[in-house]
Each structure stands twice: as C-alpha cells, then as structure tokens.
Amino acid sequence: MEVKVLSSKLVKPAYNAGATPAPSTEYIPLSIFDKVTFNMQMAIIYAFAPPAPSPAAIEKGLAAVLAQYRAFAGQLGEAPDGTPSVILNDRGARLVEATVDADLVDMAPAKPTPELLKLHPDLEAEHEEVVLLQLTRFRCGSLAVGFTSNHVVADGHATSNFLVAWGRATRGLPMGLPPVHHHKDLFKPRPSPRVEHDHRNREYYLPSPTDVVGHHGDAADNIVIHKAHFSKDFIAGLRAKASEGRGRPFSRFETILAHLWRTMTRARDLSPEETSKIRLSVDGRHRLGQPAEYFGNMVLWAFPRATVGDLLNRPLKHAAQVIHDEVAKVDGAYFQSFVDFACSGAAEKEGLARSAVCKDAQCPDVEVDSWLTFPFYELNFGTGSPSYFMPAYFPTEGMLFLVPSNFGDGSVDAFVPLFQENLQAFKECCYSME
C-alpha cells in the first residue's frame, strides 16, 4: 500500500510571546542510567477515528510542548568539555505529513507487520533529531500518528509524560509539572561506596571478539508477531490459580508474564535442562526518591530465571513467585549499589559494555516491555482518546510488549514475536490455565 508523503519539516519549540526570551543552548549530561539503556528507537503507533484532529492543531501543540520538553527538540552529542550529553539547541522534532488512498482498516492490522513501518519516517535512515513523527491521513478520515523517540534520551515513563502533555498543549490546557532533568551532581556514590551486587554480569558484560549483537541477515523473515488478547475474566482466573493459598495475590503483571514465560517455553520445545531468564525493567524513580517528572532513563532490570523443567513441570505459582522475588530484589539498595559501581570507573577500566543490546532472537530467554501502567491512552488532541495504540513492527523473537487493550475494561494485549515454526504450538497453549 502506497503512502504519499506531503511534507517533511522541523517543528521547533514555540516560546510564549512576551515571556522571557528563548533560552540559550544548554547541555544535559547523560546519566549512568542513560549509558546502560538500549541504544534504539522506541516506535509506537496511535490511531484516531474520524473526526480526527487536524495536523495544524497537532503541530501547534507540538511546538508548545517542545518549549517545556526541550530534550525532545534537541540532539545527542557532546558538551564543549566532551561529556556525552543531550544538547538543548532547539533543533526541533521531525514532522512528516502523509496520506493513503485507503481506509485505515485496510492497513492497520490487529498486530504489528512490516506494513506498519510505512506509518513512520524511514527508521533505517540516519536522523539527527531525537523525535520523529508521521501524521498519516486515511481516506476514511482516520489519522495514524507514528511516534519515534531515541531511548537514550527518555525511558517509557518519561515519554508517556511527554505524550500526555502534548495532548494537553494541543487542547490549550496546562501541561502539568515541567520535566526534571539530570545534572552532574544527581547520582553520587556513597561516602563509602558499597557494591553489593554483581553489576558486571547484569547491567554490563565483558565483550569478546566472537560476540554477535544487533540485527543481522534475514532472521526477521522467520519471525511473526502474534497478538494475544487476555480478557479481564481470563486474567482474574489466572491470578486466582497462581495465587491459591497465598495471602496476597500476585499482580496482574506478574501473573500474565509468568503465564507467557511458560507458554513461550513450551512452544519453543526446549530441553528440560536449559535455563531461561527474563529481562524486565524496574523503574528507579521512587526507589531513589526522585520525582515522577524526572525526564531521562531511570531503569534497571530484574532477571528472573528458572530451568525449562521447573517452568513446565511446576505450577504457574512457581513462575510467578520467581518473578516476584527477583523484582523485589531490585530495590533502593540495589539501585544505590549500581550507582556506586557505575561511578567507580570500573566498567570503563575493565572494558565492560552495556548488556542491554538489541538481538534478532532472545531464545531461550525472554525480554518484556510492560506499558500497563503508562497513560499512553491519555493522548488526546481534542477529539477523544485514540481508537487503538500498539508498538510498531519489531521482529525480535522473544521480546514481549504488554499493553492495556483499547477496550478499557482491564483486559491486556500481549504482542509476542515468535519463530514461524513455534507459532502454532504457542496458539494451542496460550489460553490454557494448566
């Protein structure tokens, strides 16, 4: 299906007339958390049913919100002293307008496919901007908003704050509390640093010449992204089964992830002796006493692990408990231990690299991005909430996305990239509670 590009421009921050002059160029040094996160584009798709908001109104709101969120109008680079930084130079966000001579339903399937990449600016090209946007108008009057941002600049929590503020700015409402940025004195080691966890083999690793990272070859051709919809009733049944005999029930997230971990493991047909682990993000804002408005990355990871035999032969409760226990360990003390290690210079001295790297496949492991608590559906440009929201096409086997469904009833959509040969087995056991 052909997408016709009408225009491509840079939208710069619009500062209030009569207010203080536009600020000069500033530099936000990358934090220790920015330096260990994934160096990748975070791409999502919104769809708005007619009457959809006008591109002019969206652009005006974007210019207004960028004046408050200058990092998303800046660039990644270096400060004059060579410090890796986000440069607040008001370069702007890239905005592409496009049309499609088709109805949205013809192009926007229930799950991500390569076709969805046409609703973004070319993600394979080199872009100097931190944020890329594409507004695609369909024949039916619907509007798709393809949003892409550099993960090094902001994590999901920070990005969702921006998106909500953008909608409010477009509607002429106050944007809320301004973002709080990193500064060089924010994350400091304790007077007597105590490295109490094995950060060398969690947030970092020692690379070898034979390591293969990134996306290579045609592996994506053998991967299909399956969308599993879990109704509120199904989730309630899973939670009851997993939490039986337990005083406090497992959370919705713990239960769904435990179920998907077991289901993927079964579909992959792994040997019982193999070990499978999950990488899942843990937000450090409240753990380090930082405000919800902190804009940047403040995420580390928990790594639940179990043998394939234990996952499949023991009940759902076992997998949920493993997840619960590992997340609980990534507490304030863990974050402070990481601060002490990252500030020590050991990683640089020993040649360690960030362990958060993109791969073609995670098997036998799993990675999960949970957007269940982010207010992505609160992006409202004046014509109501989006009719749906989903991650863009991301052909990495084993990298799950959990998002609230567009029904707004507590149900959850899981986007699950699988090898083609494992898809049927996954479908057969996805809705089993055994």
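Before going into details, it helps to say that this report is about the structure given with it. Keep in mind that this is a model prediction, so the values were computed, not measured.

The rules we used
- Residues numbered from 1 in each chain as written.
- Predicted model: local features only at pLDDT ≥ 70, side-chain atom pairs only at ≥ 80, totals over all residues.
- Heavy atoms only, no water.
- Pairing = 2+ DSSP bridges.
- Helix = DSSP H or I, 4+ residues; strand = E, 2+ residues; numbered from the N terminus.
- Axes fitted to C-alpha atoms, helices over the stretch in contact; angles between N-to-C directions.
- Core = buried A, V, L, I, M, F, W, Y, C linked by side-chain atoms within 4.5 Å.
- Buried < 20%, exposed > 50% of the residue type's maximum accessible area, 1.4 Å probe, protein only.
- Contact = heavy atoms within 4.5 Å.
- Parallel < 35°, antiparallel > 145°, perpendicular 65-115°, else oblique.
- Nonpolar A, V, L, I, M, F, W, Y, C, P; charged D, E, K, R; others polar.
- Left-handed = near helix turned anticlockwise from the far one by under 90°.
- Lys, Arg positive; Asp, Glu negative; His and termini not counted.
- Salt bridge = Lys/Arg side-chain N within 4 Å of Asp/Glu carboxyl O.
- Polar contact = N/O pair within 3.5 Å; in protein donor to acceptor, adjacent residues only side chain to side chain.
- Phe/Tyr/Trp six-rings, centres within 6.5 Å; stacked < 30°, edge-to-face > 60°.
- Lys NZ or Arg CZ within 6 Å of the ring centre and 35° of its normal.
- Expected span 1.5 Å × (residues − 1).

### With respect to the sheet that holds strand β4 (residues 75-78)
Argument step 1. Across the sheet, three strands lie side by side as β2-β5-β4; this open sheet has antiparallel pairing. Only two strands of the sheet have a single partner each, and these edge strands are β2 (26-29) and β4. On average, each strand axis in the sheet is tilted by 45° relative to the strand beside it, whichever way the strands run.
Argument step 2. The sheet contact formed by β2 and strand β5 (residues 84-88) spans four bridges and is antiparallel. Of the residues in β5, the one forming a bridge with Tyr-27 is Ile-87.

### Side note on the nonpolar core
Among soluble globular proteins, nonpolar side chains are generally buried collectively.
Argument step 1. One finds Tyr-46, Leu-62, Phe-72, Phe-147, Phe-162, Trp-166 and Phe-295 to be the most contacted residues of the largest nonpolar core, which totals 66 residues.
Argument step 2. Other than its neighbours up to four places away in sequence, Phe-147 contacts Met-42, Ala-43, Ile-44, Phe-72, His-120, Val-131, Leu-132, Leu-133, Thr-159, Phe-162, Leu-163 and Trp-166.
Argument step 3. Leu-238, Leu-257, Tyr-294 and Ala-346 belong to the second-largest nonpolar core, a separate cluster that totals 63 residues.

### What about the packing of helix α4 (residues 232-242) against helix α5 (residues 252-268)?
Argument step 1. Viewed as axis vectors pointing N to C, α4 and α5 meet at an angle of 85°, and their least axial separation amounts to 9 Å. On the basis of the axis angle, α4 is roughly perpendicular to α5. Residues Phe-234, Ile-235, Leu-238, Arg-239 and Ala-242 of α4 pack against Arg-252, Thr-255, Ile-256 and His-259 of α5.
Argument step 2. Classifying every residue of the contact of α4 with α5 gives five nonpolar, two polar and two charged.

### Side note on the packing of α5 against helix α7 (residues 316-329)
Argument step 1. The N-to-C vectors of α5 and α7 enclose an angle of 120°; their axes lie 8 Å apart at closest approach. The pairing of α5 with α7 is recorded here as oblique in orientation. Here α5 and α7 pass one another in a crossing that is right-handed. Here Glu-254, Thr-255, Leu-257, Ala-258, His-259, Trp-261 and Arg-262 of α5 lie close against α7, whose contacting residues are Leu-316, Ala-319, Ala-320, Val-322, Ile-323 and His-324.
Argument step 2. Across the contact of α5 with α7, the residue classes break down as eight nonpolar, three polar and two charged.

### Considerations on the sheet that holds strand β8 (residues 143-150)
Argument step 1. Here we have six strands laid out as an open sheet, ordered β1-β6-β7-β8-β3-β16, and mixed in their pairing. Both outer strands of the open sheet, β1 (3-11) and β16 (388-391), are each paired with one neighbouring strand and no more. The sheet shows a mean angle of 15° between the axes of neighbouring strands, taken without regard to direction.
Argument step 2. In terms of strand pairing, strand β3 (residues 41-48) meets β16 through four bridges, oriented antiparallel. Bridge assignment links Ile-44 to a residue of β16, and that residue is Pro-391.
Argument step 3. Taken strand by strand, helix α3 (residues 156-170) contacts β3, β7 (131-138) and β8, and its axis lies near 140° from that of β8.

### Concerning the side chain of Arg-202
Argument step 1. Looking at where Arg-202 falls in the secondary structure, it is placed in the loop between α3 and β9 (204-205).
Argument step 2. Look at Arg-202: it is buried, it has no salt bridge, and the nearest opposite charge is Glu-203 at 4.5 Å.
Argument step 3. Among the polar contacts listed, one links the side chain of Arg-202 to the side chain of Tyr-334, at a separation of 2.7 Å.
Argument step 4. Those residues in contact with Arg-202 that sit more than four places away from it in its chain are Arg-279, Trp-301, Ala-302, Phe-303, Val-330, Tyr-334 and Ser-355.

### Here's the deal with the packing of aromatic side chains
Argument step 1. With the rule as written, the count across this model stands at 28 aromatic pairs.
Argument step 2. Residues Phe-72 and Phe-162 carry aromatic rings whose centres are separated by 4.9 Å and whose planes lie at 80° to one another, so their mutual orientation is edge-to-face. Of this pair, Phe-72 sits in the loop between α1 (55-68) and β4 while Phe-162 is found in helix α3, placing the two residues 90 residues apart along the sequence.
Argument step 3. On the basis of relative accessibility, which here comes to 0%, the residue Phe-162 falls in the buried class.
Argument step 4. Arranged with centres 5.8 Å apart and planes meeting at 75°, the rings of Tyr-377 and Phe-389 form a pair that is edge-to-face. With Tyr-377 in the loop between β15 (366-370) and β16 and Phe-389 in strand β16, this pair connects stretches of sequence that are 12 residues apart.
Argument step 5. We classify Tyr-377 as buried; its relative accessible area is 19%.
Argument step 6. Relative accessible area serves as the criterion here: at 3%, Phe-389 is assigned to the buried category.
Argument step 7. Geometry around Phe-250 places Arg-246 over its ring, the cationic atom sitting 3.9 Å from the centre.

### As for α5
Argument step 1. The end-to-end C-alpha separation of α5 is 24 Å, in line with the 24 Å expected for 17 residues at 1.5 Å each.
Argument step 2. The buried fraction of α5 is high, at 15 of 17 residues.
Argument step 3. One or two residues past the end of α5 sits Asp-269, with phi positive at roughly 60°.

### Some details on the side chain of Glu-254
Argument step 1. Its location among the elements puts Glu-254 in helix α5.
Argument step 2. For the buried Glu-254, which has no salt bridge, the nearest side chain bearing the opposite charge is Arg-246, at an N-O separation of 5.5 Å.
Argument step 3. Within the structure, Glu-254 has its side chain in polar contact with the backbone nitrogen of Ser-251 (distance 2.9 Å).
Argument step 4. In this structure Glu-254 touches Ala-320, Ile-323 and His-324, once residues within four positions along its chain are discounted.

### Looking at the environment of Ala-353
Argument step 1. With respect to the helices and strands, the residue Ala-353 is situated in strand β14 (residues 353-354).
Argument step 2. By relative accessible area, Ala-353 is classed as partly exposed at 23%.
Argument step 3. Taking the C-alpha atoms as reference points, Ala-353 and Gly-61, 292 residues apart in sequence, are found 39 Å from one another.
Argument step 4. When sequence neighbours within four positions are dropped, the list of residues in contact with Ala-353 reads Glu-203, Tyr-204, Tyr-205 and Pro-207.

### Details of the environment of Gly-296
Argument step 1. For Gly-296, the position within the fold is in the loop between β11 (275-283) and β12 (299-302).
Argument step 2. Taking the C-alpha atoms as reference, Gly-296 lies 30 Å from Ser-7; in sequence the two are 289 residues apart.

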